[in-house]
Amino acid sequence: MTDSVAQHAGLPHAVFLHRLAGESPSSALEPRLGRAAFVALRLVDLLGPEYTTLHPDAFHYQHVATARCCRDLPPGTTETSHLVGLVQGTHDAFEQGSVGLVLPALFAYAHYLEDEMRLEEALDVLDTLLRVGGEKLPATDAVGARLRRARVYRKLNEFDAAEQSYAEGGALAAAIGDTHSELLSRIGRGYVVTARGNLAEAEHALRGVLADAERLGDAGAQALAHQGISVVLNTAGQPSDAIPHAWRAFELYTDDVSRMRALGDLGTMLLTVGDAQSAERALGEILRRGATHEVLDNATIELMHCASFRRDRVGFERWRERCDARRESMPPNILVDYMLKAGIGRARFGQLERAERLLASALRIADEAGLHEFTFRIERIQAGLRDCDCAEPAAESALSSEAVTEVSASLAELGA
């Protein structure tokens, strides 16, 4: 159970106070941001239905103290801007009796926290939005909040909660005729089924969504479905079939964040078919353009994997050190992927005992997080680790196809 779930039995928004428990001195920025976020969200709580009879003076005193706390933060940071906007939006919402005035700030802050991989905190903000909005929450916002909350739950590997939130969002979307959000709900549930390891069911569900999205002319949903299908096919050992779907997703997306995520998946798949040069081209493009922490972490892990594939010991160690510096902030699925590929790299360089320790740790974390597909993969690698000649240079893969060659050529033009 995550801290975000456990905290509901105690102090609201306590997850933000965890920043105060770090090793940083009290004057350091993170503890100050954590404290400011805590008091800002306590101010937002006053908009909830249980505070309808709150005296304006009580709100005023708390608002003044909270605004002062946020003004004392360094003005140049993104999170400071979010918190200042949140406090101002809360003030406006209370003064005008309209909770809708604070919703954009809550959505924006939750999105920022998710991109920074502060997932428990993002979940807290989304829960706050749903709670203070209550029955007054516009239907479109109620749908959006539930779908975004489901995505955060999925990243936290809380799959039951993710499925429930996706289902709730989908049902609300159907009730208001929001076909795009209905498709997003179905895609999200397909992603959850993939994470649980039922690949046949996931592929069937996502192909059904893709067909409906094409019929409706919904390019955004088509992109997400293509990306989901690519992940399922690659996980099932069909990377050549997966690569065209990943590239199509990249072409269909219109926002840079999603395009970089698709490019990251594409780099992983290209390495699987032995095209390390194209893989490094795709992954290097992510580092050049910039992306969210999650996408950057994945790209760095894959660049480490590319280096070990090419038996580049110096490159492997350089990328491994960059990954290791980020491991404390990695969620379980990314951490397991890092440790698995670091273990494979150690084996490729003949360090079998170190490889076995890394794989054992990755397996333990995967088991604890319920990442079944990772568990199966790690166990297969462990079983054959000492029987393979991992120190030999990598052979060319026979998995490539004409479609893969076309994608590789398109990537070369992208970076030209």
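Cut-offs and rules
- Residues numbered from 1 in each chain as written.
- Predicted model: local features only at pLDDT ≥ 70, side-chain atom pairs only at ≥ 80, totals over all residues.
- Heavy atoms only, no water.
- Phe/Tyr/Trp six-rings, centres within 6.5 Å; stacked < 30°, edge-to-face > 60°.
- Lys NZ or Arg CZ within 6 Å of the ring centre and 35° of its normal.
- 1 Å grid on protein atoms, 1.4 Å probe; cavity = no way out; pocket = protein on both sides within 12 Å on 5 of 7 lines; lining within 4 Å.
- Points joined across faces, edges and corners; volume = space filled by probe spheres on them.
- Helix = DSSP H or I, 4+ residues; strand = E, 2+ residues; numbered from the N terminus.
- Nonpolar A, V, L, I, M, F, W, Y, C, P; charged D, E, K, R; others polar.
- Axes fitted to C-alpha atoms, helices over the stretch in contact; angles between N-to-C directions.
- Parallel < 35°, antiparallel > 145°, perpendicular 65-115°, else oblique.
- Left-handed = near helix turned anticlockwise from the far one by under 90°.
- Contact = heavy atoms within 4.5 Å.
- pLDDT = per-residue confidence, 0-100.
- Salt bridge = Lys/Arg side-chain N within 4 Å of Asp/Glu carboxyl O.
- Buried < 20%, exposed > 50% of the residue type's maximum accessible area, 1.4 Å probe, protein only.

Engineer: Would you mind going over the packing of aromatic side chains with me for this structure?
Structural biologist: Aromatic rings considered in pairs are described by the distance between their centres and by the relative angle of their planes. With the rule as written, the count across this model stands at 5 aromatic pairs. These aromatic residues form a ring-pair network of at least three members: Phe16, Tyr109 and Tyr112. Sitting over the ring of Phe250, Arg259 keeps its end group 4.0 Å from the ring centre. For Arg313, the ring lying beneath its charged end belongs to Phe349, and the centroid distance is 5.2 Å.

Engineer: Where do I start with the layout of surface pockets in this structure?
Structural biologist: Sizing a probe to match a water molecule and rolling it over the atoms shows the empty space that remains. Roughly 810 Å³ of internal volume is contained in the second largest pocket. In this structure, the second largest pocket is lined by 30 residues; those nearest its centre are Met117, Arg118, Glu120, Glu328 and Ser329. Secondary-structure elements contributing two or more residues to the lining of the second largest pocket are helix H3 (29-45), helix H7 (119-133) and helix H19 (352-369). When grouped by side-chain class, the residues that make up the lining of the second largest pocket number 12 nonpolar, 6 polar and 12 charged.

Engineer: Would you explain the packing of helix H14 (residues 256-272) against helix H15 (residues 276-289) in this entry?
Structural biologist: Helix-helix packing is characterised by the crossing angle of the two axes and by the distance between the axes. With their axes 7 Å apart at the nearest point, H14 and H15 run at an angle of 155° to one another. Classified by the angle between their axes, H14 and H15 sit roughly antiparallel to one another. Between H14 and H15 lies a crossing of left-handed hand. Taking contact as the criterion, the partners of Arg259, Met260, Leu263, Gly264, Gly267, Leu270 and Leu271 in H14 are, on H15, Ala276, Ser278, Ala279, Ala282, Leu283, Glu285, Ile286 and Arg289. Tallied by class, residues from the contact of H14 with H15 come to 9 nonpolar, 3 polar and 3 charged.

Engineer: Can you help me understand the environment of Leu129 in this one?
Structural biologist: Mapping Leu129 onto the fold places it in helix H7. For the pair Leu129 and Ala142, spaced 13 residues apart in the sequence, the C-alpha separation amounts to 9.0 Å. For Leu129, the residues in contact, after removing those within four places along its chain, are Leu103, Leu106, Phe107, Leu137 and Ala145.

Engineer: Can you help me understand the confidence of the model for the chain in this one?
Structural biologist: Overall, the predicted model of the chain reaches an average pLDDT of 89, with 92% of residues at or above 70. Mean pLDDT across the elements of the chain bottoms out in helix H1 (residues 3-6) (42) and peaks in helix H11 (residues 199-216) (97). Confidence drops under a pLDDT of 50 for residues 1-9, and excluding neighbours within four residues, the segment shows 15 contacts in the predicted structure.

Engineer: Sorry, what's going on with the pattern of salt bridges here?
Structural biologist: A pair can form between side chains of opposite charge whenever their charged atoms are brought close. On inspection of all chains with the given rule, the structure shows 31 salt bridges. A salt bridge links Lys341 to Glu302, with the shortest nitrogen-to-oxygen separation between them at 2.2 Å. Of this pair, Lys341 sits in helix H18 (residues 332-348) while Glu302 is found in helix H16 (residues 293-309), placing the two residues 39 residues apart along the sequence. Residues Lys341 and Glu302 agree in their burial class; the two are buried. When salt bridges that share partners are traced, they join Arg19, Glu30, Glu79, Arg118 and Glu121 into one network.

Engineer: Even after reading the chapter, I still don't get the packing of helix H12 (residues 219-235) against helix H13 (residues 239-252), so can you show me in this structure?
Structural biologist: Contact geometry of H12 with H13 gives a least axis separation of 8 Å together with a crossing angle of 155°. Overall, the two elements H12 and H13 adopt an arrangement that is roughly antiparallel. The two elements H12 and H13 meet at a crossing, and its hand is left-handed. Of H13, the residues touching H12 (which contributes Ala219, Gln222, Ala223, His226, Gln227, Ile229, Ser230, Leu233 and Asn234) are Pro239, Asp241, Ala242, His245, Ala246, Arg248, Ala249 and Leu252. Of the residues that constitute the contact of H12 with H13, the class distribution is 9 nonpolar, 6 polar and 2 charged.

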